[in-house]
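Listed below, chain by chain, are the residues.
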Amino acid sequence: MKRQYYIGTSLFIAVLILILDQVTKFIIAASMRIGDYFEVIPGFLNITSHRNNGAAWGILSGKMSFFFIITIIILVILVVFYIKEAKNNLFMQIALSLLFAGALGNFIDRVLHGEVVDFIDTYIFGYNFPIFNVADSSLTIGVILIIIALVTDVKKGK
């Protein structure tokens, strides 16, 4: 009989991402001043200490109460979606776990510090991509996996 929910796997992924996110942000905040950086891969990857009090690319900067409310709503929606729509689908449950961990990781920063610690600074084909963190990566990967799951379901006729 196929399991409906992979709670252990989902919790493991969410907790692992959350710990990795919070530990890396703590290390950056404790060891670097804002604006400090060091090159990891010349011309491609730097670790740069940056703070963001908005959403992606600094959108809605300084609107903390908005982010508190929206994040709580999103976290609840993710749990409901997990229960109602991801039943019997490990792939979708993993994607939702990544989304949950990413949203919660940045939410913790906003609650505790009023801003999010960002530090992964990449240059892709000469473009200086906005600085991000582990939680942002988790959100992005989660969204990509959800899109793959939805497209796959559509192709299967579900």
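### A word on the overall build of the protein
The secondary structure content of the protein amounts to four helices and four strands. Going from N to C terminus, the protein has its helices and strands arranged as α-β-β-α-α-β-β-α. Principal axes of the C-alpha set define a box for the protein whose edges measure 55 × 35 × 25 Å. Within the protein, buried positions represent 39% of all 158 residues. Contacts in the protein between residues far apart in sequence, at least 24 positions, make up 63% of those at least 6 positions apart. When the accessible surface of the protein is split by element, carbon and sulfur atoms take 72% of a total near 9500 Å². Put simply, the protein has 12 plus and 10 minus side-chain charges, and the middle of one group is 14 Å from the middle of the other.

### Looking at a nonpolar patch on the surface
On the surface, Phe38, Val40, Ile41, Phe44, Ile124, Phe125, Tyr127 and Phe129 cluster together into a nonpolar patch covering about 840 Å² of accessible area. Here the nonpolar patch gets three residues from one element, more than from any other, and that element is strand S1 (residues 37-41). Tracing the chain through its elements places Ile124 in strand S3 (residues 116-124).

### Quick word on the packing of helix H2 (residues 64-85) against helix H3 (residues 90-113)
Relative orientation of the contacting elements H2 and H3 amounts to 160 degrees, with a least axis distance of 10 Å. One element, H2, and the other, H3, form an angle in the roughly antiparallel class. Two packed elements cross with a definite hand, and for H2 against H3 that hand is left-handed. Across the interface between the two elements, Met64, Phe67, Phe68, Thr71, Ile72, Leu75, Leu78, Val79, Phe81 and Tyr82 of H2 pack against Met92, Gln93, Leu96, Ser97, Leu99, Phe100, Ala103, Leu104, Phe107, Arg110 and Val111 of H3.

### A word on the pairing of strand S2 (residues 45-52)
Within S2, seven of the eight residues are buried, leaving the element largely enclosed by the surrounding structure. Bridge count between S1 and S2: four bridges; the pairing is antiparallel. Across the sheet, Tyr37 pairs through a bridge with Thr48, a residue of S2. In textbook terms, the turn of a hairpin is the stretch between consecutive antiparallel strands, and for S1 and S2 this stretch comprises three residues, one of which, Gly43, has a positive phi near 75 degrees.

### Some details on the environment of Met64
Relative to the helices and strands, Met64 resides in helix H2. In sequence terms Met64 and Gly54 are ten residues apart; their C-alpha atoms lie 7.7 Å from each other.

Reading the values: the criteria
- Residues numbered from 1 in each chain as written.
- Predicted model: local features only at pLDDT ≥ 70, side-chain atom pairs only at ≥ 80, totals over all residues.
- Heavy atoms only, no water.
- Helix = DSSP H or I, 4+ residues; strand = E, 2+ residues; numbered from the N terminus.
- Buried < 20%, exposed > 50% of the residue type's maximum accessible area, 1.4 Å probe, protein only.
- Contact = heavy atoms within 4.5 Å.
- Areas by Shrake-Rupley, 256 points an atom, 1.4 Å probe, with all protein chains shown as cover.
- Lys, Arg positive; Asp, Glu negative; His and termini not counted.
- Charge placed at Lys NZ, Arg CZ, Asp CG, Glu CD.
- Patch = residues over 30% accessible without salt bridge, like charges linked within 9 Å, V, L, I, M, F, W, Y side chains within 5 Å.
- Salt bridge = Lys/Arg side-chain N within 4 Å of Asp/Glu carboxyl O.
- Axes fitted to C-alpha atoms, helices over the stretch in contact; angles between N-to-C directions.
- Parallel < 35°, antiparallel > 145°, perpendicular 65-115°, else oblique.
- Left-handed = near helix turned anticlockwise from the far one by under 90°.
- Pairing = 2+ DSSP bridges.

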